[in-house]
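# Tertiary structure, described
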Amino acid sequence: IRVDSSSPRVVQINYDVYNHRGKPVDMEIYLSTDGGEHYTKRLSSLEGDVRNVESGTNKLIKWDAYQDLGAVHGDDFRLKVVAYSHPVERYDIIVNAGSLGAVAAALQAARDNPEAEILLLEPTDWLGGQATSQGVSAIDNAYTTHMVDTPEFYARDWMEFQELVRENPEEAPGTGFAGENACWVSRFSYDPRTGAWAFEKMIEEKPNITYRDMSVVKDVSTMPVFDEYGDGKEITALEIIERTPINDYEPFDRFLSEEIPDWYSYEDSPYFSKETTVILPQDSGKGMTVIDGSEFGDIIVLADARYTVGRELETEEIGEDGELPELNERGTQSFVFTFCVTGSEEFDEADDVKEPFPGFMDYYEQQVDDYFSLGTHSWQRVWTYRRVLNAGGPWEMDTVNKDDVSMQNWYPGNDYPYGTLYKNIEEARKEKDDWQGGVMLDEIEQAEKHALAYYFYYRDIKPEEIPFEIYLLRGDDELNMMDTHSGLSKKPYFRGTRRIVGLNNFRITERFYNTREDASHFYYDSIGIGNYPTDIHPNHEYDFGITPEVLYPEPFYIPYRSLASHNVRNLLAAGKNYATTFITNAGYRLHPIEWAAGVGAGGAAALMDTYDVTNYDLLDIPLLRELQANVKKNSPLSWPEQDDSKMPEITGDVVINDFAPPSPGDTFPIEVYHHGSAKVKAFYQGGELETSHEKVNGRFLIEDNVIEDPLKWVRIECYDEEGVYMESLTVNEIGEDLTEKMVINNNEPVYTSIPFDIEVVFPVADKVALYTEEGFLEKQSTPVDGTFYFDSVVLDHRSAWIEARGYTDDDELVGTLRQDIAYEDGFIMVNEGDLPLTGEEVQILVSHQEAAEIKLLIDGYTVGESDVSQNGLFEFYHTFEEAGKYSLEALCYDTDGSLLDTLETTVESHPTDTFVVVNKGEDVKAFEPFTVKVYHPTAHSAFITAEDQWERGETRQRVGHYLLWEDEGFNTPGDRWIAVYCYDRDGNEIDRLVAEFVVLPED
């Protein structure tokens, strides 16, 4: 390796390469700046023999060191050249294992980042995880959740999947939707073959997704990362094994316990040929983003991501030193191989089912004596429990039909309660050198035997009044919905999996359940919602550890922190493997909740690739809000019944006394989660509390606070490492958000010397004063519902910021808010931004800081010239005699009369001073947000309704002479109307306005 003498910034790398496989190789080059101890940078500014290199001598790579590193001196550089001799493919985003969450993640990433090349892997031949290959195609949300029958609570593409299954077009395999109320555990049950087809069809519609089934991750390469978040890793390459059936073998003609070793073997077998491929990033400098949606947690284990498995023994909390709580690693929930049965005219002895298992009948008899039971339910109700084909008339709970298909997933039945399928953390670590999935094959085999034994039990206890025999659907039977020789599901239903530890050691614990009336904690970084009971199916042999206190959680939320790996910077989780605990996983594992988590992971991956950032960087509020906005287009972030704001407004979490109101005189703790801060101060209505400089596990802990009177609110001021104030978080006595914010000019740029409005939301203040760095600006003492309105504020100089200081009636300072000011030069403003009224003279302001003279043209005709300005503002007056749209041009000249610039805008003159403009006069698209501007000079607020008094909401957001409503959008296309009820400051109705518009279908 030498430096090019003609160009000292270029390093030449000469090498020879010999590949016994006889295939071209790809090279990746890594840099160490500590003498070779750690290679922490992958080089990208490379030319020469890097990709698709044939074997031979005198290979040359040129590295532009200056482009990668800039000017550096004195570092002890070392280079490592890695050659990949397996075939190489390159992608931006990799999604492992086509579980529900993985499919959702791939779809969301493809939508949000259509330029990214995405690889979706699946170990079986079916996408969909628990909804298909795991045989739970009767979704458990009929009666036990808050989500039933409310489409707005689900992701749109989850509803699209359901619609595809309901339509059941001719090309779809299987029997499709089972019919309304075919079973009683679900309102949506279907043939899993149809579901797998629907998922694959949705993926096929995204041209930037490459789907590869029958493929597993065998190995993962990483490099170390040292950054502000501590020591971590970055995934640099994946090695996958893809298998193709040979010798007329049909996948799953053998049991899963027999197939899994074949999945992870490099060598061809009598059943499969194998192809090993290395997956590298498209852009070596940027790297890849990886999502693990698998139930085995292949990438989680192979990348050395922090994770837990099993059941917490005494606490869910991670220690202050970062240590994981003590785990009963064998204490997972029971898993189950589902199967389907139907009626038959003839009795089937089914001896072939027993043959693979020595001692089968002894095991059967033992389970009949010790375990198998229908509990308090009748045989008929177990039949209709998960019926996926209803061959009879309208559903009744106790009515069975011979040609029904009944899916069996029953506890205590085919649920396997005697062991876990996961090796513990240490055993899995030892398996990394030859990864086999990290599972207990003997336990999987036992679970297969157990499920088939339950079939015989259910068959043998059939009531005499049932006028037909029952038959296990297997092999080539056209109703074999599991598509396996045995009739068992391709994979077991995994209720609990390996679970990552989230950012800053965060995990969703039970303490975040039911923190407020009718709801759980609304995380500031919420990317989804869910609701399901804490449904635990015990694992008898290892059933010890903590038990849930809340069996029926109120509506809960999915924080982004739980989807991203604590120590692997480019790793996200999208299955049931995100950062929950044993208890919370039991509630968070439901199908649509896993889908919502996948949407969040896919949205995060899209942004990480777009901006070339780590998973931690998405906690920065601008990026977090962009992530949430992208997710919200598809999947809800909040429960509308509990949270007025569809998007979290607070920028951190504050937990007071573990969500319990503190008692006067008693000490209590305050926990603060706020990304990027280095110090926090706490205040309450009686003065200052404590300060914390130490952040542990991503949060500040302020202990030993004491108050004399009942607590009303707490205000947290956040500061960066330089001690500069960042922002404040204000909450009530149990931590509910009392949102504080300042909105300057409706978040539009400010123009010097032109009036603009300011809104300050300050729930704990009785009056607010505005300041700039020049001093006092204005004071307002009459809040409306906690909001202070400052109309027509004028800045005659450029201030960097405006600060709002909140005071009590006794002039005690309770806090400050500061907002930077954005300015805009070079503009034309007509009528202070309001639409001009026909026949009335309006002011036209032209701003240009360098111009000495302005010529104003309207529709190509000169209407005025001016060489008089104030702070770069030139003033004109004009009357629009007719209603309609006009084009305005301002020609800007310097002192020599040379043309500097041309400014252009359009404006519409309107014939009355009370009217409504929808979407700036343009058509509205379905599912897309739009604005409603209510022009009314005396209205203080407006209430918006649509479609037969359907409430849209209320607005007090005044900008100039109009009220602004930001609508989330209509769901269905067609001709629409809205009615606007206008009110004065006292709440009296003073006018009603109506606007008609068109909602167009989606593109």
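Here, every reference points to the structure presented above.
About the cut-offs
- Residues numbered from 1 in each chain as written.
- Predicted model: local features only at pLDDT ≥ 70, side-chain atom pairs only at ≥ 80, totals over all residues.
- Heavy atoms only, no water.
- Helix = DSSP H or I, 4+ residues; strand = E, 2+ residues; numbered from the N terminus.
- Buried < 20%, exposed > 50% of the residue type's maximum accessible area, 1.4 Å probe, protein only.
- Contact = heavy atoms within 4.5 Å.
- Areas by Shrake-Rupley, 256 points an atom, 1.4 Å probe, with all protein chains shown as cover.
- Lys, Arg positive; Asp, Glu negative; His and termini not counted.
- Charge placed at Lys NZ, Arg CZ, Asp CG, Glu CD.
- Phe/Tyr/Trp six-rings, centres within 6.5 Å; stacked < 30°, edge-to-face > 60°.
- Lys NZ or Arg CZ within 6 Å of the ring centre and 35° of its normal.
- Axes fitted to C-alpha atoms, helices over the stretch in contact; angles between N-to-C directions.
- Left-handed = near helix turned anticlockwise from the far one by under 90°.
- Nonpolar A, V, L, I, M, F, W, Y, C, P; charged D, E, K, R; others polar.
- Pairing = 2+ DSSP bridges.
- Polar contact = N/O pair within 3.5 Å; in protein donor to acceptor, adjacent residues only side chain to side chain.
- Salt bridge = Lys/Arg side-chain N within 4 Å of Asp/Glu carboxyl O.
- Core = buried A, V, L, I, M, F, W, Y, C linked by side-chain atoms within 4.5 Å.
- Parallel < 35°, antiparallel > 145°, perpendicular 65-115°, else oblique.

### Here's the deal with the overall build of the protein chain
- The secondary structure content of the protein chain amounts to 14 helices and 60 strands.
- Principal axes of the C-alpha set define a box for the protein chain whose edges measure 100 × 80 × 65 Å.
- Across the 1003 residues of the protein chain, 58% fall into the buried class.
- Put simply, 71% of the contacts in the protein chain that link residues at least 6 apart link residues at least 24 apart.
- Carbon and sulfur atoms make up 43% of the accessible area of the protein chain, which amounts to about 40,700 Å² in all.
- Taking the average place of the 81 positive charges on the side chains of the protein chain and the average place of its 192 negative ones, the gap between the two points comes to 4 Å.

### What to know about the packing of aromatic side chains
- According to the stated counting rule, one finds 52 aromatic pairs in the structure shown.
- On the numbers, 5.7 Å between centres and 15° between planes, the contact of Phe930 with Phe970 is stacked. Of this pair, Phe930 sits in strand E54 (residues 930-935) while Phe970 sits in the loop between strand E58 (962-967) and strand E59 (974-983), and the two are 40 residues apart along the sequence. For the pair Phe930 and Phe970, a shared accessibility class is recorded, and that class is buried.
- Here the guanidinium or amino end of Arg818 rests over the ring plane of Trp801, the centre of that ring lying 3.9 Å away.
- Stacked on the ring of Phe970, the Lys or Arg Arg952 has its end atom at 4.3 Å from the ring centre.

### Some remarks on the packing of helix H2 (residues 100-112) against helix H13 (residues 591-611)
- Two elements in contact, H2 and H13, have axes separated by 7 Å at closest approach and are oriented at 35°. Between H2 and H13 lies a crossing of right-handed hand. In this structure, H2 uses Leu100, Gly101, Val103, Ala104, Ala105, Leu107, Gln108, Ala109 and Asp112 to contact H13, whose residues at the interface are His591, Glu594, Trp595, Gly598, Val599, Gly602, Gly603 and Ala606.
- Of the residues assigned to the contact of H2 with H13, the class counts are nine nonpolar, six polar and two charged.

### Here's the deal with the pairing of strand E60 (residues 989-1000)
- Inspection of the sheet shows strand E53 (residues 924-925) paired to E60 by two bridges, in the parallel sense. In the sheet register, Val924 faces E60, and the bridge partner there is Val999.
- With ten bridges connecting them, E59 and E60 associate as antiparallel partners. Residue pairing in the sheet places Cys982 in a bridge with Asp991 of E60.
- What sits between the antiparallel neighbours E59 and E60 is a turn of five residues, in which Gly987 has the positive phi angle 85°.

### So, the sheet that holds strand E34 (residues 699-705)
- Strands sit in the order E29-E30-E34-E33 across an open sheet of four strands; the sheet is antiparallel. Lying at the two open borders of the sheet, with one neighbouring strand each, are strand E29 (653-656) and strand E33 (695-696).
- Sheet topology note: the strand E30 (residues 668-673)/E34 ladder contains four bridges and is antiparallel. Across the sheet, residue Glu671 finds its bridge partner in E34, namely Leu701.

### Observations regarding unusual backbone geometry
- Of note, the amide linkage connecting Tyr411 to Pro412 takes the cis form, showing an omega dihedral of 5°.
- Positionally, Pro412 belongs in the loop between strand E22 (405-408) and strand E23 (415-416).
- With a phi angle near 50°, Met214 is a residue other than glycine that sits in the positive phi range.
- Within the element layout of this structure, Met214 appears in the loop between strand E11 (209-212) and strand E12 (215-227).
- Phi is positive for Asp811, close to 65°, though the residue is something other than glycine.
- You can see Asp811 is positioned in the loop between strand E42 (801-807) and strand E43 (813-820).

### Description of the side chain of Asn328
- Mapped onto the fold, Asn328 is located in strand E18 (residues 327-328).
- Of note is the side chain of Asn328, whose polar atom sits 2.9 Å from the backbone oxygen of Phe544.
- When residues no more than four places from it in sequence are discounted, the contact partners of Asn328 are Val309, Gly310, Arg311, Leu313, Tyr542 and Phe544.

### Some points on the pattern of salt bridges
- Tallied over the entire structure, the rule returns 56 salt bridges.
- A salt bridge links Asp609 to Lys286, with the nearest nitrogen and oxygen atoms 3.3 Å apart. On the criterion of sequence distance, the pair formed by Asp609 in helix H13 and Lys286 in the loop between strand E14 (272-281) and strand E15 (289-292) is long-range, its members being 323 residues apart.
- Of the residues examined, Asp609 reaches a relative accessible area of 4% and is grouped as buried.

### Topic: the environment of Glu355
- As for its placement among the helices and strands, Glu355 is situated in the loop between helix H7 (351-354) and helix H8 (360-370).
- Separated by 315 residues in sequence, Glu355 and Ile670 place their C-alpha atoms 62 Å apart.

### Things to note about the nonpolar core
- One finds Phe199, Ile235, Tyr560, Trp595, Ile670 and Ile716 to be the most contacted residues of the largest nonpolar core, which totals 179 residues.
- Those residues in contact with Phe199, other than ones at most four positions away along the chain, are Leu100, Val103, Leu127, Gly128, Ala131, Thr132, Trp158, Phe161 and Trp595.
- With 23 residues, the next largest nonpolar core counts Trp713, Phe762, Ile802 and Ala804 among its residues.

### A look at the environment of Ala995
- Of note, Ala995 is situated in strand E60.
- Here the alpha-carbon distance between Ala995 and Val918, two residues 77 residues apart in the chain, equals 7.4 Å.
- Filtering out sequence-adjacent residues up to four positions away, Ala995 remains in contact with Val916, Val918, Arg976, Trp977 and Ile978.

### Things to note about the sheet that holds strand E36 (residues 725-732)
- The antiparallel open sheet is built from four strands, whose spatial order is E32-E31-E35-E36. In this open sheet, the two edge strands, each paired with only one partner strand, are strand E32 (687-692) and E36. Between one strand axis and the next, the sheet turns through 20° on average, direction left out of account.
- Pairing of strand E35 (residues 713-719) with E36, which is carried by seven bridges, proceeds in the antiparallel orientation. Along E36, the bridge assignment pairs Val714 with Val731.

### Things to note about the packing of H2 against helix H4 (residues 192-204)
- Between H2 and H4, the shortest axis-to-axis distance is 10 Å and the interhelical angle comes to 20°. By the angle between their directions, the pair H2 and H4 is classed as roughly parallel. Crossing handedness for the pair H2 and H4: left-handed. Between H2, through Leu100, Val103, Ala106 and Leu107, and H4, the contact on the second element is made entirely by Phe199, Met202 and Ile203.
- The residue makeup of the contact of H2 with H4, split by class, is seven nonpolar, no polar and no charged.

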